[in-house]
Amino acid sequence: MSVCEVNFDGLVGPTHHYAGLSWGNVASAANAASRSNPRAAALQGLAKMRRLTQLGLVQAVLPPQERPDLALLRRLGWRGSDAQVLAAVAREAPRLLAASSSAAAMWTANAATVAPSTDTADGRVHLTPANLIDRFHRALEAATTTRVLRAIFRDPARFLVHDALPAHPWFGDEGAANHTRLAPAHAAAGLHLFVYGRSALGGGPAPQRYPARQTLEASQAVARLHGLDPAQTLFVQQNPAVIDAGVFHHDVIGVGNEPVLLVHEDAFLDRAGTLAALRARLPSLVPVEIARDTVPLAEAVRTYLFNSQLLTLPDGRMHLLLPSECAESPQVSAALDAILADPANPIATREHLDLHESMRNGGGPACLRLRVVLNEAERAACAPGIFLDDALYARLCAWVQQHYRDRLHEADLADPALLDDNRRALDELTRLLGLGAVYPFQLDAGAGA
């Protein structure tokens, strides 16, 4: 049965804005309080999705979340109409309004951790939504993410969407941004590399400036839930120094695809031990390491070189999809030239895309997608409306043009018309994608009926 990797990209939400909510994310902090362009952000994301379909790859869409999160604000004690709640929160707690309006669910590398059916004990595809507890604005996502994933992966004979891990610092889980599956090919049994920032219970090294968002204990729990073979599972610690330099997830410092691991020299706390353990478990491993003298850590973070998508094309060649910022860096360009010129390196081609709106908030190409390896029967069992083709791309672009603003500032988040417009847009989107009721406002309306 044919097997392929499907990229599930998050559609950028209508409240995409720059509030600098993510401590430890250098780009997010640097662009705080500037105006955003939600319409351009969504269209840039859709253009990336369409590009993958043009390359012959299977691409799917994950919807944004309902924002502002009025249910949250009411749980925190505000009363009255929606307009009254928004006005009160804007006046009394504007930072909370910004957080409850975050469109960060667009970065679906944080939506969940995934294990394909070839690797799990029960032969099903397993998905565990991330609890994202380290950042308040992201901790709001897990419930809706779980509903969306269960609406898509709806066949219990083929899929198991777990609940998120307990929302406690011991089990801080950031999803696939700290997980890489390596294998001789997508269809083969894989090696699961879990990268954690700290051990909550065991102590040991930890960053001093920025938080380590992923715990060892969370990674171990996900591996157990997915029924992974311990012999094909590896837990390694991220270098605390790179976290303090702004590498808040492993996917900002390394990316893997099939047997290739493209990684910075400073990515792991125990560089030599990690590479030796990977080679022992995956003899076909092809490490492509970029030295700090070639691309300094600060330049890797600025350009998001390692947050690129490393893709296997239908003809078997590997292709690197990079943010346009990489093309503007002489150091990164020279490093990529050397990689592609090496005949022993499977990475054959590269291209750059404009994702400026996402990049300014700290998310590159790899942040925007969740990778799910599926066979033909599993793809057929998914909700069919989420797979991108030319017709869906055109409908989504028209939907964005109709419903999204071309500029947004934090002060605009208190506008009740924005909330009403967003709800109408999301209600239309769930019908377009065939997902049913997944948002709180839809579920509340159903309960009232």
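Notes on the structure follow.

Conventions adopted
Residues numbered from 1 in each chain as written. Predicted model: local features only at pLDDT ≥ 70, side-chain atom pairs only at ≥ 80, totals over all residues. Heavy atoms only, no water. Helix = DSSP H or I, 4+ residues; strand = E, 2+ residues; numbered from the N terminus. Rg over C-alpha atoms; globule rule 2.2 N^0.38 Å. Buried < 20%, exposed > 50% of the residue type's maximum accessible area, 1.4 Å probe, protein only. Contact = heavy atoms within 4.5 Å. 1 Å grid on protein atoms, 1.4 Å probe; cavity = no way out; pocket = protein on both sides within 12 Å on 5 of 7 lines; lining within 4 Å. Points joined across faces, edges and corners; volume = space filled by probe spheres on them. Nonpolar A, V, L, I, M, F, W, Y, C, P; charged D, E, K, R; others polar. Salt bridge = Lys/Arg side-chain N within 4 Å of Asp/Glu carboxyl O. Pairing = 2+ DSSP bridges. Axes fitted to C-alpha atoms, helices over the stretch in contact; angles between N-to-C directions. Parallel < 35°, antiparallel > 145°, perpendicular 65-115°, else oblique. Left-handed = near helix turned anticlockwise from the far one by under 90°. Core = buried A, V, L, I, M, F, W, Y, C linked by side-chain atoms within 4.5 Å.

## Regarding the overall build of the chain
At step 1: A tally of helices and strands in the chain yields 18 helices and 15 strands.
At step 2: Since a compact globule built from 449 residues should have a radius of gyration of about 22 Å, the 21 Å found for the chain is in line with a globular shape.
At step 3: Taken over the C-alpha atoms alone, the chain extends approximately 60 × 45 × 45 Å along its principal axes.
At step 4: The 449 residues of the chain split such that 60% are buried.
At step 5: Residue pairs in contact within the chain that sit at least 24 positions apart in sequence constitute 76% of those at least 6 positions apart.

## Side note on empty space enclosed by the protein
At step 1: This structure, assessed with the given rule, holds 6 cavities of 30 Å³ or more.
At step 2: Each pocket or cavity is described by its volume, and for the largest cavity that value is around 330 Å³.
At step 3: Lining of the largest cavity is provided by 25 residues; of these, E5, H179, T180, R181 and R371 occupy positions nearest its centre.
At step 4: Counting only elements with at least two residues in the lining of the largest cavity, the list comes to strand 6 (179–182), strand 9 (254–257) and strand 15 (369–375).
At step 5: The element that contributes the greatest number of residues to the lining of the largest cavity is strand 15, accounting for 5 residues.
At step 6: Tallied by class, the residues present in the lining of the largest cavity amount to 13 nonpolar, 6 polar and 6 charged.

## Remarks on unusual backbone geometry
At step 1: Here the residue pair R67 and P68 is connected by a cis peptide bond, since its omega of -5 degrees sits within 30 degrees of zero.
At step 2: Inspection of the secondary structure puts P68 in the loop between strand 2 (58–62) and helix 3 (70–75).
At step 3: Located in the positive-phi region is Y304, a residue other than glycine, with phi close to 55 degrees.
At step 4: Taking the relative accessible area as the measure of exposure, Y304 reaches 3% and is therefore buried.

## Some remarks on the pattern of salt bridges
At step 1: Applying the stated criterion across every chain yields a total of 24 salt bridges.
At step 2: A salt bridge links R271 to E289; its shortest N-O distance comes to 2.8 Å. Residue R271 is found in helix 10 (residues 271–281), and its partner E289 is found in strand 11 (residues 286–290); the two are separated by 18 residues along the sequence.
At step 3: On the basis of relative accessible area, R271 is assigned to the partly exposed category, the value being 36%.
At step 4: Each of the salt bridges in this network shares a partner with another, and the network as a whole consists of E66, R74, D82 and R423.

## Notes on the sheet that holds strand 9
At step 1: Ordered by their spatial adjacency, 3 strands build an open sheet running 9-10-11, and the pairing between neighbours is mixed. Either end of the sheet is taken by a strand with one partner, and the two such strands are strand 9 and strand 11. If you compare each strand with its neighbour and ignore which way they point, the axes differ by 10 degrees on average.

## Observations concerning the packing of helix 16 (residues 390–403) against helix 17 (residues 416–433)
For any two helices packed against each other, the geometry comes down to the angle between their axes and how far apart the axes lie.
At step 1: One can describe the packing of helix 16 onto helix 17 by two numbers: an axis separation of 11 Å at closest approach and a directional angle of 170 degrees. Regarding the angle of helix 16 to helix 17, the classification is roughly antiparallel. Across the interface between the two elements, L392, R395, L396, W399, Q402 and H403 of helix 16 pack against D421, A425, L426, E428, L429, L432 and L433 of helix 17.

## Quick notes on the packing of helix 4 (residues 82–92) against helix 17
At step 1: Two numbers describe how helix 4 lies on helix 17: the axes approach to 9 Å, and their chain directions differ by 125 degrees. Considering the angle they form, helix 4 stands oblique to helix 17. For the crossing formed where helix 4 meets helix 17, the hand is right-handed. In contact with D82, A83 and L86 of helix 4, helix 17 contributes P416, L419 and R423.
At step 2: In terms of residue class, the contact of helix 4 with helix 17 is made up of 4 nonpolar, no polar and 2 charged.

## Re the pairing of strand 13 (residues 318–323)
At step 1: When you tally the buried positions in strand 13, you get 6 out of 6 residues, the bulk of the element.
At step 2: Sheet topology places strand 12 (residues 309–312) next to strand 13; 4 bridges connect them, and they run antiparallel. Its bridge partner being in strand 13, L311 is matched across the sheet by H319.
At step 3: Pairing geometry for strand 13 and strand 14 (residues 347–353), over 6 bridges, is parallel. Bridge pairing in strand 14 links P323 to L353.

## Here we look at the layout of surface pockets
At step 1: Estimates place the volume of the largest pocket at around 350 Å³.
At step 2: Counting only elements with at least two residues in the lining of the largest pocket, the list comes to helix 3, helix 6 (136–139) and helix 7 (142–152).
At step 3: Looking at the lining of the largest pocket element by element, the count peaks at 4 residues for helix 7.
At step 4: Of the residues that constitute the lining of the largest pocket, the class distribution is 8 nonpolar, 2 polar and 6 charged.

## Details of the nonpolar core
At step 1: The biggest cluster of nonpolar side chains holds 78 residues, and the ones touching the most others in it are F8, L11, I152, F153 and L278.
At step 2: Of the residues forming this core, the biggest block, 6 residues, is contributed by helix 16.
At step 3: Discounting chain neighbours no more than four positions away, the residues touching F153 are F8, L127, F159, V161, V372 and C382.
At step 4: Ranked by size, the runner-up nonpolar core spans 19 residues in total, among them V288, M318, C326 and A335.

## Some words on the environment of A103
At step 1: Inspection of the secondary structure puts A103 in the loop between helix 5 (94–100) and strand 3 (112–115).
At step 2: Residue classification places A103 among the buried positions, given a relative accessible area of 12%.
At step 3: Placed 94 residues apart in sequence, A103 and D9 show a C-alpha to C-alpha distance of 14 Å.
At step 4: Apart from residues no more than four positions distant in its own chain, A103 is found in contact with G13, T15 and H16.

## As for the sheet that holds strand 13
At step 1: The sheet built from 3 strands is open, its strands ordered 12-13-14 with mixed pairing. The open sheet has two edge strands with one neighbour each: strand 12 and strand 14. Averaged over neighbouring strand pairs, the angle between their axes works out to 25 degrees when direction is ignored.
At step 2: Set on the sheet, helix 13 (residues 330–341) makes contact with strand 13 and strand 14; between it and strand 14 the angle comes to about 150 degrees.

All quantities given are derived from atomic positions and should not be read as evidence of function.
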